Amino acid sequence: MRIVLRILRVVFIAGFLGVVGAAGYIINNLLRALPSLEALDDLRFTATSTFYTRDGTPIADVGTVEDGRAIARQLVRLSDVSPAAVVAVVVSEDQRFFRHYGVDFIRLFGGLYYSLRGDLQGGSSITTQVVKNTLLKNLAGERQGLTGLERKLKEFPLAIQLERRYSKEEILEMYFNVVPWGGNAQGIWAASQAYFGKDPSKLSLAEGAYLAVLIPAPNTRYLDLKSTRKRMRILLNNMVADGWVSKTEAENAWKQPIVPKGWAAKYDADGNLLNAKLEAPEARIMPDLNIRSARYFVLEVQRYLKSKLGADKLREEGGLRVYTTLDLKMQAAAEKATTGRKLPDGAQLALVGMDPMSGEVYAMVGAKPGTDPGAEFNRATQAWRSPGSAIKPFTYGTALEAGWTQANTVLDAALEYPTPQGVWRPKNFSNTFLNRAVTIRYALDRSLNLPAIRTADAIGIQRLGDKLKAAGFRITNNLPVLANAIGGGADITPMGLAAAYSSFVNGGYWVEPRLVLRVEDSRGRIVYQPDPKKVLLWSPQVAYQVWDMMKGYVYDVPPGFRSSLAQDAQIPGRIIGGKTGTSQDAVDLWFAGATRGLVATLWVGRDDHKPQRMNGVEPSSSIVNPIIWHDFVEEALRGRPAGDFPQPSGLIQSGMDLLSGDPSSSGVQALFPSRQTQRQQAAVQDTPPQPSYIKAVGPAVADSPVYQTIAVDRLTGCLAAPDAPTERIAWLQVAENQVNRYACGNGN
């Protein structure tokens, strides 16, 4: 018998040692290659990116992609979370968090019951949950079998290491950023937004308690508000028992009638839930792009960043802080000015306001307020439309560059041009003409088409086409035609037109519209900062003469008229310049203008490109656009400095008759190159024009078929003698039949 017992004892010991050895072998294999704690640093890059205004106000959040799934998470500091919410989560998830060293053995043994039933749960501390949701994320969903055992065995040593490396506050901060809260919400920021639509710093004790009791099974518990309330009651009692809150605070929290997103609920005065109904369970799902304001601006910034940084940087890495150029006050002014306006039937609109010096976009409206909120087509940046007469400042600017002045006269009379499609007979908007020569300033003041076409013919359509393309216009088939002079065969976006108009007030430069000031990563390091881009279009003197003409368009009152075509754009106390534009059949209506500190464009038109009608008749841009533009600019610049843009050197002001261009003390005051005499009301420049820009024309300029370049003595205003000093000579481009006016009876 003793031998049998001895044999059994040996077998038992051998079996026990075998089991222990096998268990040790298994555990050793499971614990090999533990993840490094260095991987925790990657958490700072898997987060929602946020867009801010220029003064740091958040306007949008862009979700990130983690493990192929779109999630919402914004990394926060522990100090950014309501203390009441912090306490609620700690008491609910790990009452002894501040007393253990990573593993709570009391909680662990309490969870053995579930483990013995084959369901490895319970016993997790906040520290082990951080490990599970970061370093062991690939095993986080495994709760049974060998894989579940592997996760549990790895959690413990990693949790102890974590406690040795980080403070309790740092671990708690990690926890609040990584714990899943149901739906696509990851972390406390997303949870507070998903369930209550607020920042975590604003959470009340009741809201914090609700979020705390969701954590073990958020998707299930969200669907059962009644059971979740019972868990809240237990949690509040535990918080009182542990001394975290008083009975009064707990009772007040219980009585707060919390209603998570998606629910409709009613409570009595004692906090008892009377009835509850889940009406929209999808309401807690955070949108991939959460736009708080300036929808179309945000969409444009997102498109821009994807093109510059790539979709991976923005979505899969995330955690970016994007500081944009948006000015919230100006954006509010833009939205207010475009809301509830009387527009042509079925019309849309777009508005852009930007700094003409830097190109920074301050405000953007990409659709008429009330348009489908899910629509993404941005008319401010994506709608290429015919500019109509808003192109004319470029026509006349190119003429000024070629040596003309505001006093140059052009015939306003019927004309015909043969084309492959037949004879083109352009008309003025009014279908009338003066049948006489008028100054180009008058022609712009009344937005006459016929003089603009003749001007383009005179200076050379290729030259005008090159200028338009440099300014950002698209030319049909890349082939300049005379119709470009009045907006035909050309198109541009509202933001593009604002950039082009900036050149008239910033010294002659086209500026690239700028949407982003800088992009920072989660640590505040600048990862992208666009360089301002400018292209010289005009000399400062030419640009400012066009600006002078644009001011004339707003303020000049030509003989026989009671107001300018842009009278409604005038703002008391400010100096305004601009130009309307109405394309063929009123398909597109524009007003583009500037004042100190701002250039803005407003477009009105139908998406289907059909002719517009207003009260049954064809509308004019001068009726529809300037008043809306006025309301935006007046409010956007309220309280900001007024005044004019600085005038460059080399220009003088002189009175002239608006129609004829003759010197007149009672006429309009216009700017001319400073070296011209009072007799010289044509173009003066220091060097003669390039021969390629001098061409014979038909009856396109005044009543003369040819321009001629002559040398004029600045001292006498007459044709220069062969021995006249070089410094006294001015080169003048005049109509051939006007050359004799400068002979001064000398026979030269």
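To be clear, the structure that these remarks concern was listed above.
So, a few notes on the structure that sits alongside this text. (Residues numbered from 1 in each chain as written. Predicted model: local features only at pLDDT ≥ 70, side-chain atom pairs only at ≥ 80, totals over all residues. Heavy atoms only, no water.)

Notes on the layout of surface pockets
Taken as a whole, the second largest pocket spans an internal volume of roughly 1000 Å³. Along the walls of the second largest pocket sit 44 residues, with Lys427, Phe429, Asn449, Thr582 and Gln584 positioned nearest its centre. Among the elements that take part in the lining of the second largest pocket, strand 21 (residues 577-582) stands out by supplying four residues, more than any other. Grouping the constituent residues of the lining of the second largest pocket by class yields 14 nonpolar, 21 polar and nine charged. (1 Å grid on protein atoms, 1.4 Å probe; cavity = no way out; pocket = protein on both sides within 12 Å on 5 of 7 lines; lining within 4 Å. Points joined across faces, edges and corners; volume = space filled by probe spheres on them. Helix = DSSP H or I, 4+ residues; strand = E, 2+ residues; numbered from the N terminus. Nonpolar A, V, L, I, M, F, W, Y, C, P; charged D, E, K, R; others polar.)

Here we look at the pattern of salt bridges
Counting across every chain of the model gives 23 salt bridges. Between Arg341 and Asp631 there is a salt bridge, and its shortest N-O distance comes to 2.8 Å. Taken together, the residues Arg341 in the loop between helix 15 (328-337) and strand 9 (348-354) and Asp631 in helix 23 (residues 621-636) connect sequence positions 290 residues apart. Relative accessible area serves as the criterion here: at 25%, Arg341 is assigned to the partly exposed category. Under the relative-accessibility criterion, Asp631 is labelled partly exposed at 25%. (Salt bridge = Lys/Arg side-chain N within 4 Å of Asp/Glu carboxyl O. Buried < 20%, exposed > 50% of the residue type's maximum accessible area, 1.4 Å probe, protein only.)

Let's talk about the pairing of strand 6 (residues 273-278)
Bridge count for strand 5 (residues 263-267) against strand 6 is five bridges, and the pairing is antiparallel. Each residue of the ladder has a partner; that of Tyr267, found in strand 6, is Leu273. The antiparallel hairpin formed by strand 5 and strand 6 contains five residues in its connecting segment, where Gly271 sits at a positive phi of about 90 degrees. (Pairing = 2+ DSSP bridges.)

Remarks on the environment of Tyr544
Structurally, Tyr544 can be placed in helix 22 (residues 540-555). Accessibility expressed as a relative area gives 5% for Tyr544, which makes it buried. For the pair formed by Tyr544 and Val505, sequence separation is 39 residues and the distance between their alpha carbons is 6.5 Å.

A short note on helix 7 (residues 168-178)
Side chains of residues three or four places apart in an α-helix project in the same direction, reflecting 3.6 residues per turn. Counting buried residues along helix 7, nine of its 11 residues qualify, which places the element largely inside the surrounding structure. Within helix 7 the residues assigned to the buried category are Lys168, Ile171, Leu172, Glu173, Met174, Tyr175, Phe176, Asn177 and Val178.

Describing the environment of Asn740
Position of Asn740 among the secondary structure elements: in the segment after strand 28 (729-735). By relative accessible area, which is 66% here, Asn740 ends up exposed. For the pair formed by Asn740 and Cys718, sequence separation is 22 residues and the distance between their alpha carbons is 9.7 Å.

What to know about the side chain of Ser664
Along the chain, Ser664 turns up in the loop between strand 24 (651-656) and strand 25 (668-673). The exposure class assigned to Ser664 is buried, which follows from its relative accessible area of 17%. A polar contact of 3.2 Å, which involves the side chain of Ser664, links it to the backbone nitrogen of Gly667. (Polar contact = N/O pair within 3.5 Å; in protein donor to acceptor, adjacent residues only side chain to side chain.)

A word on the sheet that holds strand 19 (residues 526-528)
Here we have six strands laid out as an open sheet, ordered 7-2-1-8-18-19, and mixed in their pairing. Each edge of the open sheet is held by one strand with a lone partner, namely strand 7 (289-291) and strand 19. Going across the sheet, the axis of each strand differs from the next one's by a mean of 25 degrees, ignoring polarity. Where strand 18 (residues 516-520) lies against strand 19, two bridges are found, and the strand directions are antiparallel. The partner of Val519 across the bridge, within strand 19, is Tyr528. Lying over the sheet, helix 13 (residues 295-309) contacts strand 1 (49-52), strand 2 (58-62), strand 7, strand 8 (321-324), strand 18 and strand 19, oriented at roughly 140 degrees with respect to strand 7. (Axes fitted to C-alpha atoms, helices over the stretch in contact; angles between N-to-C directions. Contact = heavy atoms within 4.5 Å.)

Interpretation in functional terms is not warranted from these geometric data alone.
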